[in-house]
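Overview (structure and organization)
The primary structure of each chain is shown beneath.
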Amino acid sequence: MSETVLMKGNEALGEAAIRSGCRHFFGYPITPQTELSAYMARKMPKIGGTFLQAESEIAAINMVYGAAAAGVRAMTSSSSPGISLKSEGISYIAAADLPCVIVNIMRGGPGLGGIQPAQSDYFQATRGGGHGDYHLLVLAPNSVQEMACLTADAFNLSEKYRIPAMILGDGTLGQMMEPVDFSALPKPVFAEKPWATNAMGGRRGPNVIKTLYLLPEELEATILEREKKYDFLRENLQRYEARFTEDADIILCSYGITSRVVETAVRELRNEGIKAGIIRPVTLWPFPEKIFKQVRPKAYLSVEMSMGQMVEDVKLACECRVPVYFTGRTGGIIPSPAEVIAKVKEIHREVCAVV
Amino acid sequence: MSEVIYKKPDSLSDKPFHYCPGCSHGLVHRLVAEVIDELGIADNTVAVAPVGCAVTADEYFRFDTVQAAHGRAPAVATGIRRALPDRFVFAYQGDGDLAAIGTAETVHAAARGENISIIFINNTIYGMTGGQMAPTTLPGQVTQTSPYGRDPYTQGYPLHICEMLSALNGPTFLTRTAVDSVPHIRETKKAIRKAFSYQLQGKGFSLVEVLCACPTNWGMSPTDAVRRITEEMIPYYPLGVYKEEV
């Protein structure tokens, strides 16, 4: 039975987390994700959960670290400058192989930047953000429905693979209202957690969650072990949406809210007889490289709300066999379909010129 | 027939402490382990270890331990406590950890009246990094980063943590003790027991500040270091109960 309601993206995300068994949310106010904290503040006390407004983003992520170590499904959310503050804790969580969900509803940066939507934290999300050799599982929704569904996925995958997961949204997705059907949510699959530091009663000996290894050989061994997991995820967890790619001369790559603009642009281009296609990564880490081996466009165009960050992954994925272009706006501005169309036509003249 | 009259607490592992001769960490570890044994709560305990010399406390304690980032132990303990309301959760922190980088986490966990206990090792110096000025370094004290003696005019004054926290409504038991004499060591154990009991009774935030020695980084013999606690630290950091709610 469908359970369709009209909701803001941030609230749908919160509701999905609760339906996924998350009962511990640690937040700190920052625009444009505050509706999520407010939603959790309203709901958690009524279902026996914990909503705690921490003294800082640093404290909030460390509360998540503690709760995750104790074995519960824990979550925190913020927006770009706040994620920079959380990066210390995220590195520790990754190093301790703890599952949790971190939400970044991106706004313009660097610095305080602005409060309008942006996608300029792509490098931070996909390259780690904090110090050390680690990755997050990064999921990029492009609708309120996906905000909900990918949140449910994030909890399940994070727990299954003991890897922190990030929902990388933006201010538009967080604030806009769309219908969302909660009956479509993936069901929670709870993993056994024999490693949890939940007091040793019943166990033979103590559990320890730690990230310090003073012997380099020991530290290297833990990193190599984690890398095996990353390799497995790179091989098995790539998610994307590909459309009109079979005959495409130019494939447009975009994620999140930008992919909605690209959708409009590609329809218009097709109407005008230009063979444009779409690859929309849903997992930004692991990046969906495999699909790039199956298509043969004459050029790629990465469309982003940044100065071009994912464009590097597109170049790596297609091994620069064809030109990779970039267009986008930054600082809190969403590119218009007209801007995207104009750029595609320019590329089309270059790579599809009739001699 | 011989009788055991003194033994290692069950809550301590067989691993020998790596701490320097005369360091107070081993002594306070033992007091904590004795209290946990006496209260019979090892099976129900989750400890939070700091960054600093006690970072490897998990190797000595025989109960679950989580290693926190520098200064974040009260936040980590809060997360554990909120996830496991029926467990016993304590953090063990040094002065750099608790009173410099983690001041916000300390003050706000206290202000929330978080039902956790904190053992605060105040030895007026950063030990693990080799003896730099701490937030509790005494005026005039020579350290690696106050080589001419701490000058309050340029390097500020030490923090009095018990006094500061006693201004808040959240904490229910705050006390400062020392380990410079047998009576003081006994008082320290009593204070730890009281702090832990407060948590077990659901009374909220408690903290025991213990004035400790760091002979290596003070450049002193273990006996001179103990004398320094008595003669220099206690006059600056008066012992006593700073808050006690019945």
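Residues numbered from 1 in each chain as written. Chains lettered and ligands numbered in written order. Predicted model: local features only at pLDDT ≥ 70, side-chain atom pairs only at ≥ 80, totals over all residues.

**What about the overall build of chain B?**
Condition: What counts as a helix is a DSSP run of H or I of at least four residues, what counts as a strand is a run of E of at least two, and both are numbered from the N terminus. Values of the radius of gyration come from C-alpha atoms, whereas the globule rule sets the reference at 2.2 Å times the count of residues to the power 0.38. Residue burial is a threshold on neighbouring C-beta atoms within 10 Å of the residue's own C-beta, all placed from the backbone, with 20 or more meaning buried, 12 or fewer meaning exposed, and counts in between meaning partly exposed. Each residue gets a C-beta atom placed from its backbone, and two residues are in contact if those atoms lie within 7 Å.
If you tally the helices and strands in chain B, you get nine helices and nine strands. Taken over C-alpha atoms, the radius of gyration comes to 17 Å for chain B, in line with the 18 Å a tight globule of 246 residues would show. C-alpha atoms of chain B, sized along the principal axes, occupy 50 × 50 × 30 Å. Evaluated residue by residue, chain B yields a buried proportion of 55% over its 246 residues. Across chain B, contacts joining residues at least 24 apart in sequence account for 67% of those joining residues at least 6 apart.

**Quick notes on the packing of helix α1 (residues 25–39) of chain B against helix α7 (residues 182–200) of chain B**
For any two helices packed against each other, the geometry is given by the interaxial angle and the distance between the axes. Residues and elements named next belong to chain B. Threshold: What counts as an axis is a line fitted to C-alpha atoms, over the stretch in contact for a helix, and the angles between N-to-C directions run from 0 to 180 degrees. Geometric relationships in this document are graded by angle, where less than 35 degrees denotes roughly parallel, more than 145 denotes roughly antiparallel, 65 to 115 denotes roughly perpendicular, and other angles denote oblique. Two helices that cross are described as forming a left-handed crossing if the nearer one is turned anticlockwise from the farther one by less than a right angle, and a right-handed crossing if clockwise.
Contact geometry of α1 with α7 gives a least axis separation of 10 Å together with a crossing angle of 50°. In terms of orientation, α1 lies oblique with respect to α7. Both α1 and α7 take part in a crossing whose hand is right-handed. Between α1, through Leu27, Leu31, Val32, Glu34, Val35 and Leu39, and α7, the contact on the second element is made entirely by Ile185, Thr188, Lys189, Ile192, Arg193 and Phe196.

**Notes on the nonpolar core**
Worth spelling out the cut-off: Under the definition applied here, buried Ala, Val, Leu, Ile, Met, Phe, Trp, Tyr and Cys residues are grouped into a nonpolar core through C-beta atoms within 7 Å. Reported domain spans reflect what an automatic or database domain assignment gives.
Within the largest apolar cluster, 184 residues are counted, with the highest numbers of intra-cluster contacts made by Ile80 and Ile119 of chain B. With eleven residues, the top contributor of residues to this core is helix α3 (residues 57–70) of chain A. Two domains each provide a minimum of three residues to this core, namely domain 1 (4–236) and domain 2 (241–351) of chain A. Those residues within four positions of Ile80 of chain B in sequence are excluded, and the remaining contacts are Gly66, Ala67, Ala69 and Ala70 of chain A together with Val46, Val66 and Val89 of chain B.

**Considering the packing of helix α1 (residues 9–19) of chain A against helix α2 (residues 34–43) of chain A**
Residues and elements named next belong to chain A. The criterion, for reference: Each residue is assigned to one of three groups, with Ala, Val, Leu, Ile, Met, Phe, Trp, Tyr, Cys and Pro labelled nonpolar, Asp, Glu, Lys and Arg labelled charged, and all others, Gly among them, labelled polar.
Running from N to C, α1 and α2 cross one another at 40°; their axes reach a closest spacing of 8 Å. Relative to α2, the element α1 lies oblique. Two packed elements cross with a definite hand, and for α1 against α2 that hand is right-handed. Contacts between α1 and α2 involve Asn10, Glu11, Leu13, Gly14 and Ile18 from the first element and Glu35, Leu36, Tyr39, Met40 and Lys43 from the second. Residues belonging to the contact of α1 with α2 are distributed by class as follows: five nonpolar, two polar and three charged.

**Some words on the interface of chain B and chain A**
The condition that has to hold: For two strands to be treated as a pair, DSSP must find no fewer than two bridges joining them.
With 28 residues of chain B at the contact, the number on the chain A side is 34 residues. Elements with a contribution of two residues or more to the side of chain B that touches chain A: β1 (45–49), β2 (64–67), α2 (73–83) and α4 (103–111) of chain B. In terms of residue count, the dominant contributor to the side of chain B that touches chain A is α2 of chain B (eight residues). A per-class count over the side of chain B that touches chain A returns 13 nonpolar, seven polar and eight charged. Note: strand β9 (residues 208–209) of chain A against β2 of chain B, two bridges, orientation parallel.

**Some remarks on the sheet that holds strand β5 (residues 101–106) of chain A**
Residues and elements named next belong to chain A. Pairing is mixed across the open sheet formed by seven strands, whose spatial order is β3-β2-β4-β5-β7-β6-β13. Looking at which strands have only one partner, the edges of the open sheet turn out to be β3 (50–53) and β13 (283–285). Each neighbouring strand pair of the sheet contributes to a mean axis angle of 20°, computed without reference to strand direction. In terms of strand pairing, strand β6 (residues 137–139) meets strand β7 (residues 165–170) through three bridges, oriented parallel. Bridging from a neighbouring strand, Leu137 pairs with Ala165 of β7. Contacting β4 (74–78), β5 and β7, α1 runs over the sheet at an angle of about 175° to β5.

**Focus: the sheet that holds strand β10 (residues 240–243) of chain A**
One key point about sheets: their strands pair by backbone hydrogen bonds, in either a parallel or an antiparallel sense. All names here are of chain A. Pairing within the open sheet is mixed, and its five strands lie in the order β10-β12-β11-β14-β15. At either margin of the open sheet sits one strand with a lone partner, and together these are β10 and β15 (324–328). Strand-to-strand twist across the sheet, computed as the mean angle between neighbouring axes with direction ignored, equals 20°. Relative to strand β14 (residues 299–304), strand β11 (residues 250–253) runs parallel, the two sharing four bridges. Pairing of Cys253 across the sheet is with Ser302, part of β14. Contacts from helix α9 (residues 257–271) reach β11, β12 (276–281) and β14 within the one sheet, and its direction differs from that of β12 by about 165°. Here helix α11 (residues 310–317) sits on the sheet and contacts β11, β14 and β15; the angle it forms with β14, its principal contact strand, is near 155°.

**As for the environment of Ala67 of chain A**
Within the secondary structure, Ala67 of chain A sits in helix α3. The spacing of Ala67 of chain A and Cys100 of chain A is 33 residues in sequence and 9.1 Å in space, taken between C-alpha atoms. Excluding residues within four positions of it along the chain, Ala67 of chain A makes contact with His24, Val72 and Ala74 of chain A together with Gly79, Ile80, Arg82 and Ala83 of chain B.

**Concerning the domain arrangement of chain A**
All names here are of chain A. Per the domain assignment, the segments of chain A are domain 1 (4–236) and domain 2 (241–351). A straight line from the C-alpha centre of domain 1 to that of domain 2 covers 28 Å. Across the contact, 26 residues belong to domain 1 and 22 residues belong to domain 2. Breaking the side of domain 1 that touches domain 2 down by element, the ones donating at least two residues are α5 (122–126), β6, β7, α7 (171–175) and α8 (216–236).

**Description of the pairing of β5 of chain A**
Residue and element names in this part refer to chain A. As a reminder of what qualifies: Handedness of a crossover is defined as follows: orient the strands so they point away from the viewer, and if the path from the first strand over the helix to the second runs clockwise, the crossover is right-handed.
Most of β5 sits out of view: six of its six residues are buried. Of the two faces of β5, the one carrying Val101, Val103 and Ile105 and the one carrying Ile102, Asn104 and Met106 are both buried. When β4 meets β5, the two strands line up parallel, connected through four bridges. The partner of Thr76 across the bridge, within β5, is Ile102. Taken together, β4, helix α4 (residues 80–95) and β5 constitute a β-α-β crossover, and its handedness is right-handed. Judged from the six bridges that link them, β5 and β7 form a sheet pairing that is parallel. Residue Asn104 lies in a different strand from β7, and its bridge partner there is Leu168.

**Let's talk about the confidence of the model for chain B**
To be explicit about the condition: Per-residue confidence from the prediction method is given by pLDDT, with values spanning 0 to 100.
Taken as a whole, chain B shows an average pLDDT of 97; of its residues, 100% reach a score of 70 or greater. Here the predicted complex scores 0.97 on pTM and 0.97 on ipTM.

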